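Structure assessment
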Amino acid sequence: MKYLIDGKLYDPIKVGDVGDWNEGNPDGVCHDCAAKFGEQHHAGCDEECCPVCGLQLISCGHEVYDVADDYQVEEKSEMN
Ligand SMILES: [Zn+2]
Ligand SMILES: [Zn+2]
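Quick look at the structure, then. (Residues numbered from 1 in each chain as written. Chains lettered and ligands numbered in written order. Predicted model: local features only at pLDDT ≥ 70, side-chain atom pairs only at ≥ 80, totals over all residues. Heavy atoms only, no water.)

Observations regarding the coordination of the zinc ion (ligand 1)
Coordination of the zinc ion (ligand 1) by the protein is provided by Cys 30 (SG), Cys 33 (SG), His 41 (ND1) and Cys 45 (SG), with metal-donor distances spanning 2.0 to 2.3 Å. Geometry at the zinc ion (ligand 1) is tetrahedral, judged from its four donor atoms and the angles of 104 to 114° they form at the metal. If you list the donors of the zinc ion (ligand 1) from N- to C-terminus, the spacing comes out as C-x2-C-x7-H-x3-C. Taken together, the positions of Cys 33 in the loop between β2 (8-10) and β3 (64-67) and Cys 45 in the loop between β2 and β3 put the pair twelve residues apart, joining distant regions of the chain. (Donors = N, O, S within 2.8 Å, 3.2 Å for Na, K, Ca; no water. Tetrahedral: all angles 85-135°; square planar, octahedral: opposite > 155°, others 65-115°. Helix = DSSP H or I, 4+ residues; strand = E, 2+ residues; numbered from the N terminus.)

A closer look at the environment of Val 67
By secondary structure assignment, the location of Val 67 is in strand β3. In sequence terms Val 67 and Lys 2 are 65 residues apart; their C-alpha atoms lie 5.3 Å from each other.

Regarding the coordination of the zinc ion (ligand 2)
Listed as protein donors to the zinc ion (ligand 2) are Cys 50 (SG), Cys 53 (SG), Cys 60 (SG) and His 62 (ND1); their distances from the metal cover 2.0 to 2.3 Å. One can describe the donor arrangement at the zinc ion (ligand 2) as tetrahedral, given that its four donor atoms subtend angles of 104 to 120° at the metal. The sequence pattern describing where the donors of the zinc ion (ligand 2) fall on their chain is C-x2-C-x6-C-x1-H. Since its relative accessible area comes to 24%, His 62 is described here as partly exposed. (Buried < 20%, exposed > 50% of the residue type's maximum accessible area, 1.4 Å probe, protein only.)

Written as structure tokens, this is what we have:
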């Protein structure tokens, strides 16, 4: 799964990823949603960081849409 934020695709910050509370800690477990190292935080987890601004995802103000991995962003430019 990916996130669509401001019209761009982002990979969710998983437990242990750069920017995560448990960055680089293979024994890390999320204190809120209990996701383990390498797993994605569960929806609404208050320890998940926004991949755009690095703040708490549930309160940073970005509008985040969950989309499939193969989601294609529609290009506005047309080739006529
Ligand atoms: Zn979590
Ligand atoms: Zn944000």
